[in-house]
Amino acid sequence: MKSSSKFSPRCLNGFANWGAGNWPPSSVGTPLVPQSTDPQTLSLLNQMDPKRIQNYIQTLVNFHTRHTASDTKSPTTGIGAARNWLLKEMTELIKPSNGRMTASMPCYLQPAIPADDIFFAVEICNVQVEIKGSVDPNRTYVYTGHYDSRRLNLSDYTGYAPGADDNASAVAIALEMIRILAPVVAKTAPPTTIIIATVAGEEQDLFGSNFLAQTLKNASVNVQANFNDDIVGSGSNAPFDTLNQHTIRIFGAGTDYLTLPADVVAEFISTGYQDDTPARHLGRYVQEVNAGAASVTGMEVALIYKPDRFFRGGDHESFLNAGFPAVRFTEPQEDFFHQHQDPRVQDGVTYGDEIEYVDFEYTARVGKVNLLSLWSIANAPATPSNFTYDTNIGFLATTESTPPSFLENIIKLYWNTEPADPLLAYYEIVWRPMSSQQWTHMLNVGLENTTILPISKDNAVFGLRAVGKNGKKSPATYALAVASQFFG
Ligand SMILES: [Zn+2]
């Protein structure tokens with residue numbers, strides 16, 4: 001079955017009950033209903049065009065190789081031709097944006113690193129489009145997809161390396177998002193800044209994404225999310241389960257990648273918040289927004305509590321290492337015969353990352369999830385800060401004068417409301433039992449900066465998110481007691 005119209009995502013039914021039992025009972029809040037998406041945004045998703053995706057991937061494959069150290073002078077082959085084409089294409093696609101999108105190709109000279117199979121200095125160039133935010137331009141959301149390709153021998157920079165699934169598929173999504181958003185931002189700029197980047201040097205050592213993430217960090221840009229697509233094309237072109245054709249994996253890193261003080265990381269782990277890293281909250285966000293629009297995307301999102309696949313990595317790690325929330329999108333079951341392989345027939349088996357193994361309809365569906373997530377989050381209020389709880393309330397008495405009202409199985413939460421976010425309508429507390437991956441309950445707490453809930457902090461984990469005047473919700477933030485040290 002290939003048609004998304006016949007697919008009925010399971011997340012449409014009983015979303016809030018995934019993995020959760022009926023305990024603990026709750027007398028406050030309501031079962032979480034996935035946030036819905038406005039009709040205008042949904043109409044954008046339907047513009048994601050499988051035919052254009054096919055054409056983009058074919059053009060990229062035609063460069064013969066996009067190896068990081070390949071030819072930069074030829075107009076038709078090598079990474080130089082590929083990046084020049086990307087810049088030309090992006091420059092064309094942004095024309096309907098009324099000047100609100102800018103295309104650029106920042107480069108740096110990477111010295112030889114023999115350990116990474118770079119034996120001479122090479123120019124690393126990212127090709128990207130930026131949409132400057134109109135309300136909070138320093139708050140920034142970044143999409144990345146690497147455009148370089150490789151062969152089995154990573155130092156082979158002349159042989160044919162089509163790199164269709166890995167990773168022209170993600171580059172095609174980048175171009176489609178730019179094309180679809182250009183006339184939209186011409187009418188109204190988003191409140192926050194969006195960067196859609198195709199990056200180089202991933203296969204060697206994440207050079208291009210590291211260059212981008214560090215540039216943003218050095219400029220004190222408030223990067224709230226990186227969505228990194230890498231290998232998003234196999235879909236139906238393999239003997240895989242139908243469900244895999246309608247599923248995208250998202251890898252969310254744990255506490256290993258937290259760039260917070262050691263005592264904060266220690267509290268994450270000791271209080272059971274180890275699954276509540278910014279990366280996993282971002283993954284939950286994508287999962288929930290998609291669930292609310294699953295009849296349009298035709299997709300389910302599988303959030304995986306790992307930084308990446310087994311002993312592997314990708315460009316999102318450059319953002320995690322810079323202290324930014326980041327997740328990786330990858331097809332649900334990789335096709336190892338058609339990835340990193342030198343194209344050949346060996347013992348009757350065909351190898352190679354050729355375009356014939358990409359399912360353009362599937363890549364378009366992944367593109368819908370990306371566009372939905374990126375546009376929704378960039379139009380939502382900022383994720384709240386300094387969410388913490390009172391360690392004295394809902395805990396053992398420490399002296400005879402401890403008030404009886406402290407000795408209940410309750411939790412007192414508080415957070416920062418300054419500086420005021422002009423996009424904000426109200427705050428929402430979310431929580432879930434330990435057995436659930438996704439939030440199960442939500443409670444509107446208005447514009448207050450504190451609340452007491454009759455729920456034991458032993459049995460659930462709590463998050464806080466901001467709800468916009470346009471109904472769009474931010475990812476949640478975690479609650480930690482040691483965060484209170486950051487309050488003045
Ligand atoms: Zn890749």
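- Under an unreviewed UniProt entry, the name given to the protein chain is Peptide hydrolase, and the organism recorded is Hyphodiscus hymeniophilus.

Considering the overall build of the protein chain
Here is step 1 of the chain: Assigned secondary structure in the protein chain consists of 11 helices and 20 strands.
Here is step 2 of the chain: What you see for the protein chain is a C-alpha radius of gyration of 23 Å, in line with the 23 Å of a compact globule of 488 residues.
Here is step 3 of the chain: Principal-axis analysis of the C-alpha atoms gives the protein chain an extent of 80 × 45 × 45 Å.
Here is step 4 of the chain: Per-residue burial for the protein chain yields a buried fraction of 51% across its 488 residues.
Here is step 5 of the chain: Taking the contacts inside the protein chain whose residues are at least 6 apart along the sequence as the reference set, 79% of them involve residues at least 24 apart.

Digging into the pairing of strand E6 (residues 136-146)
Here is step 1 of the chain: A large share of E6 lies buried, amounting to eight of its 11 residues.
Here is step 2 of the chain: Sheet topology places E6 next to strand E7 (residues 192-199); eight bridges connect them, and they run parallel. Counted as the bridge partner of Thr140 is Thr193 from E7.
Here is step 3 of the chain: In this fold, E6 hands off to helix H4 (residues 164-187), which returns the chain to E7; that crossover is right-handed.

Regarding the sheet that holds strand E9 (residues 247-252)
Here is step 1 of the chain: Strand order across the open sheet formed by eight strands is E2-E5-E7-E6-E8-E11-E9-E10, with mixed pairing between neighbours. With partners counted over all chains shown, the strands left at the sheet margins are strand E2 (101-104) and strand E10 (300-304), one partner each. On average, each strand axis in the sheet is inclined to that of its neighbour by 20°, with strand direction left out of account.
Here is step 2 of the chain: In the packing of helix H11 (residues 360-378) onto the sheet, the strands contacted are E6, E7, strand E8 (222-229), E9, E10 and strand E11 (326-330), and the crossing angle to E8 comes to about 175°.

Digging into the domain arrangement of the protein chain
Here is step 1 of the chain: When the domains of the protein chain are assigned, the result is domain 1 (4-38 + 383-486) and domain 2 (40-378).
Here is step 2 of the chain: Taking the mean C-alpha position of each, domain 1 and domain 2 sit 31 Å from one another.
Here is step 3 of the chain: Opposite the 29 residues of domain 1 that make contact, domain 2 presents 32 residues.
Here is step 4 of the chain: Looking at the side of domain 1 that touches domain 2, the elements that each hand over two or more residues are strand E19 (460-468) and strand E20 (477-478).
Here is step 5 of the chain: Of the residues assigned to the side of domain 1 that touches domain 2, the class counts are 17 nonpolar, nine polar and three charged.

Focus: the packing of helix H2 (residues 50-61) against H4
Here is step 1 of the chain: Relative orientation of the contacting elements H2 and H4 amounts to 130°, with a least axis distance of 9 Å. With respect to each other, H2 and H4 are oriented oblique. Handedness of the H2/H4 crossing: right-handed. Residues Arg52, Ile53, Tyr56, Ile57, Leu60 and Val61 of H2 pack against Ala164, Ala168, Ser169, Val171, Ala172, Leu175 and Glu176 of H4.

Overview of the sheet that holds strand E17 (residues 441-444)
Here is step 1 of the chain: An order of E1-E17-E16-E19-E20 is seen for the five strands of this open sheet, with the pairing classed as antiparallel. Across the chains shown, the open sheet's two edge strands, defined by having one partner strand only, are strand E1 (30-31) and E20.

Here we look at the environment of Ser149
Here is step 1 of the chain: Along the chain, Ser149 turns up in the loop between E6 and H4.
Here is step 2 of the chain: Sequence separation between Ser149 and Phe268 is 119 residues; the distance between their C-alpha atoms is 38 Å.
Here is step 3 of the chain: Leave out the neighbours within four places in its chain, and Ser149 touches Thr65, Arg66, His67, Ala161, Pro162 and Gly163.

Concerning the nonpolar core
What tends to happen in soluble globular proteins is that the nonpolar side chains get buried as a cluster.
Here is step 1 of the chain: Counting 98 residues, the largest nonpolar core has Met177, Ile178 and Leu374 as its most contacted members.
Here is step 2 of the chain: Considering each element in turn, this core owes the most residues, 15 residues, to H4.
Here is step 3 of the chain: Discounting residues that sit within four places of it in the chain, Met177 has contacts with Tyr143, Ile196, Gly367, Asn370, Leu371 and Leu374.
Here is step 4 of the chain: Within the second largest apolar cluster, 26 residues are counted, among which are Ala382, Phe387, Tyr414 and Leu480.

Regarding the packing of H2 against H11
Here is step 1 of the chain: Taken N-terminus to C-terminus, the directions of H2 and H11 make an angle of 105°; their axes are 8 Å apart at the nearest point. In terms of axis orientation, H2 runs roughly perpendicular to H11. When H2 is examined against H11, the residues Pro50, Ile53 and Gln54 are found in contact with a partner set consisting of Phe360, Glu361, Thr363 and Ala364.
Here is step 2 of the chain: Here the residues of the contact of H2 with H11 are counted per class, giving four nonpolar, two polar and one charged.

Each value, and the rule that gives it
- Residues numbered from 1 in each chain as written.
- Predicted model: local features only at pLDDT ≥ 70, side-chain atom pairs only at ≥ 80, totals over all residues.
- Helix = DSSP H or I, 4+ residues; strand = E, 2+ residues; numbered from the N terminus.
- Rg over C-alpha atoms; globule rule 2.2 N^0.38 Å.
- Buried ≥ 20, exposed ≤ 12 C-beta atoms within 10 Å, placed from the backbone.
- Contact = placed C-beta atoms within 7 Å.
- Pairing = 2+ DSSP bridges.
- Right-handed = clockwise from strand over helix to strand, strands pointing away.
- Axes fitted to C-alpha atoms, helices over the stretch in contact; angles between N-to-C directions.
- Domains from an automatic or database assignment.
- Nonpolar A, V, L, I, M, F, W, Y, C, P; charged D, E, K, R; others polar.
- Parallel < 35°, antiparallel > 145°, perpendicular 65-115°, else oblique.
- Left-handed = near helix turned anticlockwise from the far one by under 90°.
- Core = buried A, V, L, I, M, F, W, Y, C linked by C-beta atoms within 7 Å.

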